[in-house]
Amino acid sequence: MKALVVGAGIGGLSAALALAKSGWAVTVFEKSTTIKEIGAGVQISPNGMKVLNALGVTPLIENSLYEPEHLEVRFGSSGRKVFSVPLKGVALSRWGARYIQVHRNDLIQALLTTLKNYINVQIITGAIVDSYINGSSDVSITIKNQKSEFGDLLIGADGLNSAIRDQMHGSSSPNYTGYAAWRFTVPEKLLNQNTTPVNSCVWVGEDKHIVVTRINSGKTINFVGVVKRESLIKESWNLKGAKEALTKDFKNWTPVVENIISCSDKIYLGGLYNRAPLKSWTDNKTVLIGDAAHPMLPSMAQGASQALEDTSALINCLKEGSTIESSIKKFFLYRNSRVSKIQTRSRDNLNLFHLNKIHKKILYYGGLWLLNQAYPELIHRKQDWIYSYNP
């Protein structure tokens, strides 16, 4: 059996690896001429780590990943802590795998290195896939300035602006959310040691929030600052932003934040976009996964982990199904309700991070503080349905 995979991101490469391990011949088509993930840090929660462990990828990122001791939520202006949740050690014992932060490109390169162990995998770069055709016994793709390719299964893992999705459901543009994200990294050694964040932290404020994680074995700070922007901003990971505008957005926030921003150099600003849920991810022998199927806002840090879950679930359905068509339909039915719930929670979290009414802040964050004081395990318990999941 042969699979065609469009897109060489985390979802596409992990799907290719899972298929190769199951004996499929796999060809991956990537429109870029080189496979190097744009962006910086990514969080992989225990549900996603279980997939990386099963695929044999984890040892290759062991030297660059970071396990946060705690996850904190703090007020941006005062720096006051709302709650702190232990992660390191707890994640493995409670949810069956670690919670890690890693550079996206480190993970991409680990997937590529692992794929080199399989002679049944081919990766073609500079391949712009225009369309697909479902035949009676196969599926084919047309590639700009190249010959068509044929296979038994086509996987669209080509992201938010998926060409495969557009053909399956009609061409459409993603919806601008009214928010944009500042992104940059800073070596920890450049920071004032008195204000270096020691844990993974979310700072919340009116119509804005910041998430700080660590990559490069904890030696590099990864900054994502989400702000309200009524005027449309292009969806991009490499659109340069102005430091003056970034500084203004988070003026008078805690010295920890000001310290990180003052040390920033290469700064990027991109709009946040989403899409309405699909009624189906399949068309005959063609299936969508990851952001092509269910793009999510970053407010639950589940984008990469849900793509990894897709990989595992798809392989299981293909092994159990009698035909490819029935297998991928089963995959959609199996996955749809879970990812839809996480998409909704991600949108809700964005709103909760940006509360601007004082009484709402008191009710929500005051309630979280009290719960954390009285029942510290409750916040862990609220994550069980996400992190304990074994796809």
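Summary of the structure given here. All values reported here derive from a predicted model rather than from experimental measurement.

## Points about helix α4 (residues 104–115)
Thought 1: Taking 1.5 Å of rise per residue, the 12 residues of α4 would be expected to cover 16 Å, and the 17 Å separating its terminal C-alpha atoms lies within 8% of that figure.
Thought 2: In terms of residue burial, α4 counts as a mostly covered element, since nine of its 12 residues are buried.
Thought 3: Looking only at α4, the buried set comprises Arg-104, Asn-105, Leu-107, Ile-108, Ala-110, Leu-111, Leu-112, Thr-114 and Leu-115.
Thought 4: If you follow the buried residues of α4, they end up packed against α1 (10–21), β3 (41–44), α2 (46–55), β6 (100–103) and β7 (121–125).

## Quick look at the pattern of salt bridges
Thought 1: For the structure shown, the criterion picks out 14 salt bridges.
Thought 2: We note a salt bridge from Glu-230 to Lys-228, for which the minimum N-O separation is 3.9 Å.
Thought 3: A relative accessible area of 65% means that Glu-230 is categorised as exposed.
Thought 4: Exposure remark for Lys-228: the relative accessible area of 38% places this residue in the partly exposed category.
Thought 5: Between Asp-310 and Arg-335 there is a salt bridge, with its nearest N and O atoms 2.8 Å apart. Placement of Asp-310 in helix α8 (residues 303–320) and of Arg-335 in helix α9 (residues 324–353) is noted, with a sequence separation of 25 residues between them.
Thought 6: Judged by its relative accessible area of 0%, Arg-335 falls in the buried class.
Thought 7: Connected via shared salt-bridge partners are Glu-309, Asp-310, Arg-335 and Arg-338.

## Side note on the layout of surface pockets
Thought 1: The calculated volume of the second largest pocket comes to roughly 240 Å³.
Thought 2: Taken together, 14 residues form the lining of the second largest pocket, with Ala-18, Ala-54, Leu-55, Ser-312 and Ile-315 sitting closest to its centre.
Thought 3: For the lining of the second largest pocket, the elements supplying multiple residues, two or more each, are α1, α2 and α8.
Thought 4: Tallying contributions element by element places α8 first for the lining of the second largest pocket, with five residues.
Thought 5: For the lining of the second largest pocket, the per-class residue count stands at six nonpolar, five polar and three charged.

What counts, and at which threshold
All residue numbers refer to position in the chain's written sequence, counted from 1. Two thresholds apply to this predicted model, a pLDDT of at least 70 for residue-level local features and 80 or more for giving and counting side-chain atom pairs, whereas whole-chain, interface and lining totals are computed over all residues. Hydrogens are left out, water is left out, and the side-chain values use all remaining heavy atoms of the structure. Secondary structure elements follow DSSP: runs of H or I no shorter than four residues count as helices, runs of E no shorter than two count as strands, and numbering proceeds from the N terminus. In a helix, the anticipated span is given by 1.5 Å times the number of residues less one. Relative accessibility decides the category of a residue: with a 1.4 Å probe and only protein chains considered, values under 20% of the type maximum give buried, values over 50% give exposed, and everything between is partly exposed. Residues are treated as being in contact if the distance between any of their heavy atoms lies within 4.5 Å. Should a side-chain nitrogen of Lys or Arg be within 4 Å of a carboxyl oxygen of Asp or Glu, the pair is scored as a salt bridge. Both cavities and pockets are sets of points on a 1 Å grid over the protein atoms alone; in a cavity a 1.4 Å probe fits but cannot get out, in a pocket the set is open with protein on both sides within 12 Å along at least five of seven lines, and lining residues sit with an atom within 4 Å of a point. Grid points are joined across faces, edges and corners, and a volume is the space filled by probe spheres set on the points. Each residue is assigned to one of three groups, with Ala, Val, Leu, Ile, Met, Phe, Trp, Tyr, Cys and Pro labelled nonpolar, Asp, Glu, Lys and Arg labelled charged, and all others, Gly among them, labelled polar.

Nothing here speaks to function; it is all geometry.
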